[in-house]
Amino acid sequence: MSAPDADLGFAAEYDAPIPYLQRIRDYYQGLGYGAPHRWAHYAEVPFQPLGKPLAECRITLITTAARYQPDKGDQGPHAPYNAAAKFYGVYSGDAAIDHDLRISHVAYDRAHTSAEDSNTWFPLRQLRAQAAAGRIGAVAQHFHGAPTNRSQRTTLDQDGPELLARCRADGADAAILVPNCPVCHQTVSLAARHLEANGIATIVMGCAKDIVEFVGVPRFLFSDFPLGNSAGRPNDPASQSFTLELALRILETAPAARTTVQSPMRWTGDPRWKLDYSNIDRLPAEEVRRRRAEFDRQKESARTIRDETAAA
């Protein structure tokens, strides 16, 4: 930052939401993968207002986190990307009890967060607390896991309708969707659109602003945090409670589709963490080669699991 900028109180130019669409495009082309992934994008966005006061609504939670699988390798805090822990079908769990969900199977920001506190990506406890306080009518009987397929068609034709059927079976009035990695943000955005078009109000809580807004969703709470912290700071219950309450306010008061609200919370006082994620320009050639080889291995592992799931 120049001296004049500092004198005026300006923030650094890079202290802005990370441009994930361009960053990821450049990253994978830098690894040698050629044509970039085409992200989903819509001009029109469905919008379903709440049909009753929030204090009377039954709310469900949709997550991209995976159930812990002890036989699938390291899935704990600081675990490297682990494609063996991926899942390829919608799953549901009892929302009345706690669950051991992990995010080692997705590309969250491993450089600046550690996945130690699941409440930062799976706010079920906070949602139950809101129900106990009367802020919402009830938590739906089940929460649901959304697979982070790279195929938009699979999400649109299979996973979205399956999530809708499960939400309807529980009598859910609204859904909170919480993504982790970049593709997760696309997945839940597509799911939110499908739910909204079929009568269930939604709010996406996420950290990748450009991806969610590029897809086009009804309501979005953006937290300018490293990926993997869509529901608040780790080990900070006050932050997590504030984030969920802000999402609930947006859910009940958004005036129209494409409503985005940015949380006022900051990750740290030093914004340089935003320069690192998938930034090909900051990687030496040897690291680029290593990452390409590792990504190829993980892709093969994920392909095997996907094929086995399809066969079953």
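Residues numbered from 1 in each chain as written. Predicted model: local features only at pLDDT ≥ 70, side-chain atom pairs only at ≥ 80, totals over all residues. Heavy atoms only, no water.

S.K.: Honestly, the overall build of the protein chain in this entry has me stumped. Any pointers?
M.R.: Tallying secondary structure elements over the protein chain gives 8 helices and 10 strands in all. By residue count, 50% of the 312 residues in the protein chain fall in the buried class. For the protein chain, long-range pairs separated by at least 24 residues make up 77% of all intrachain contacts whose partners lie at least 6 apart in sequence. Entry remark: accessible area of the protein chain is about 13,900 Å², with carbon and sulfur atoms responsible for 50%. Side-chain charges in the protein chain split into 35 positive and 37 negative, and the spacing between the mean points of these groups amounts to 3 Å. (Helix = DSSP H or I, 4+ residues; strand = E, 2+ residues; numbered from the N terminus. Buried < 20%, exposed > 50% of the residue type's maximum accessible area, 1.4 Å probe, protein only. Contact = heavy atoms within 4.5 Å. Areas by Shrake-Rupley, 256 points an atom, 1.4 Å probe, with all protein chains shown as cover. Lys, Arg positive; Asp, Glu negative; His and termini not counted. Charge placed at Lys NZ, Arg CZ, Asp CG, Glu CD.)

S.K.: Would you explain the packing of helix H3 (residues 124-132) against helix H7 (residues 237-253) in this entry?
M.R.: Helix packing for two helices is described by the angle between their axes and how far apart those axes are. Across the interface, H3 lies against H7 with an axial gap of 10 Å and an inter-helix angle of 65°. Considered as vectors, H3 and H7 are oriented roughly perpendicular to each other. In this structure, H3 meets H7 at a crossing whose hand is right-handed. Judged by residue contacts, Gln126, Leu127 and Gln130 of H3 engage Pro237, Gln240, Ser241, Leu244, Glu245 and Leu248 from H7. Here the contact of H3 with H7 is built from residues that sort into 4 nonpolar, 4 polar and 1 charged. (Axes fitted to C-alpha atoms, helices over the stretch in contact; angles between N-to-C directions. Parallel < 35°, antiparallel > 145°, perpendicular 65-115°, else oblique. Left-handed = near helix turned anticlockwise from the far one by under 90°. Nonpolar A, V, L, I, M, F, W, Y, C, P; charged D, E, K, R; others polar.)

S.K.: Help me understand the pattern of salt bridges, please; the structure alone is not making it clear to me.
M.R.: Pairing is possible between side chains that carry opposite charge, provided their charged atoms lie close to one another. One pass over the full model with this rule turns up 22 salt bridges. Arginine 219 is the salt-bridge partner of glutamate 196, the closest N and O atoms lying 2.8 Å from each other. Here glutamate 196, found in helix H5 (residues 182-197), pairs with arginine 219, found in strand S9 (residues 219-222); they are 23 residues apart in sequence, far enough to count as distant. Arginine 219 carries the same exposure label as glutamate 196, and that label is buried. For aspartate 236, the salt bridge identified is with arginine 233, shortest N-O distance 3.4 Å. Members of the salt-bridge network, linked through shared partners, are Asp15, Asp224, Arg266 and Lys274. (Salt bridge = Lys/Arg side-chain N within 4 Å of Asp/Glu carboxyl O.)

S.K.: Is there a simple way to explain the pairing of strand S6 (residues 142-145) in this structure?
M.R.: Along any regular strand the residues' side chains alternate between the sheet's two faces. Sheet topology places strand S1 (residues 58-63) next to S6; 2 bridges connect them, and they run parallel. Paired with isoleucine 62 across the two strands is histidine 144, which belongs to S6. As judged from the 4 bridges shared by strand S3 (residues 91-94) and S6, these two strands associate in the antiparallel manner. When the bridges of S6 are listed, tyrosine 91 appears paired with glycine 145. (Pairing = 2+ DSSP bridges.)

S.K.: Please clarify how the nonpolar core should be interpreted in this entry.
M.R.: Generally speaking, soluble globular proteins have nonpolar side chains that are buried together. Residues Tyr20, Leu54, Ile59, Leu61, Ile176, Met205 and Leu251 are the most contacted members of the largest nonpolar core, which totals 53 residues. If you list the elements that add at least two residues to this core, you get helix H2 (20-30), S1, H3, strand S7 (174-178), H5, strand S8 (201-206) and H7. The greatest single-element share of this core, amounting to 6 residues, is contributed by H7. When near neighbours in sequence (up to four residues on either side) are disregarded, leucine 251 contacts Leu50, Leu54, Ile59, Ala174, Ala201, Thr202, Ile203 and Arg219. Ranked by size, the runner-up nonpolar core spans 19 residues in total, among them Ile62, Val90, Ala192 and Phe220. (Core = buried A, V, L, I, M, F, W, Y, C linked by side-chain atoms within 4.5 Å.)

S.K.: Got a minute to help me understand H7 in this structure?
M.R.: Given 3.6 residues per turn, any residue in an α-helix points the same way as the ones three and four places further on. Taking 1.5 Å of rise per residue, the 17 residues of H7 would be expected to cover 24 Å, and the 24 Å separating its terminal C-alpha atoms lies within 8% of that figure. When H7 is considered as a whole, its buried residues turn out to be Ser239, Gln240, Thr243, Leu244, Glu245, Leu246, Ala247, Leu248, Ile250 and Leu251. (Expected span 1.5 Å × (residues − 1).)

S.K.: Quick question: what am I supposed to make of the side chain of lysine 86 here?
M.R.: Mapping lysine 86 onto the fold places it in the loop between strand S2 (66-67) and S3. Among the polar contacts listed, one links the side chain of lysine 86 to the side chain of tyrosine 81, at a separation of 3.2 Å. Not counting residues within four places of it along the chain, the set of residues in contact with lysine 86 comprises Gln69, Tyr81, His105, Thr148, Ala302 and Ile305. (Polar contact = N/O pair within 3.5 Å; in protein donor to acceptor, adjacent residues only side chain to side chain.)

S.K.: Just checking my understanding: could you explain H3 for this structure?
M.R.: Buried within H3 are the following residues: Leu124, Gln126, Leu127 and Gln130. Each buried residue of H3 sits inside an arc of 160° when the element is viewed along its axis, so together they form one side. Elements that come into contact with the buried residues of H3 comprise S1, strand S5 (138-139), S6, S7 and H7. Following H3 by one or two positions, glycine 134 has its phi on the positive side, about 85°. (Arc of directions from axis to C-beta.)

S.K.: Any chance you could explain the packing of helix H4 (residues 152-169) against H5 here in plain terms?
M.R.: Running from N to C, H4 and H5 point in directions that differ by 55°, and their axes come no closer than 9 Å. Taken together, the axis directions place H4 and H5 in an arrangement best described as oblique. The handedness of the crossing between H4 and H5 is right-handed. Each of Gln152, Thr155, Leu156, Gly160, Pro161, Leu163, Leu164 and Cys167 in H4 lies in contact with H5, whose residues at this interface are Gln186, Thr187, Leu190, Ala191, His194 and Leu195.

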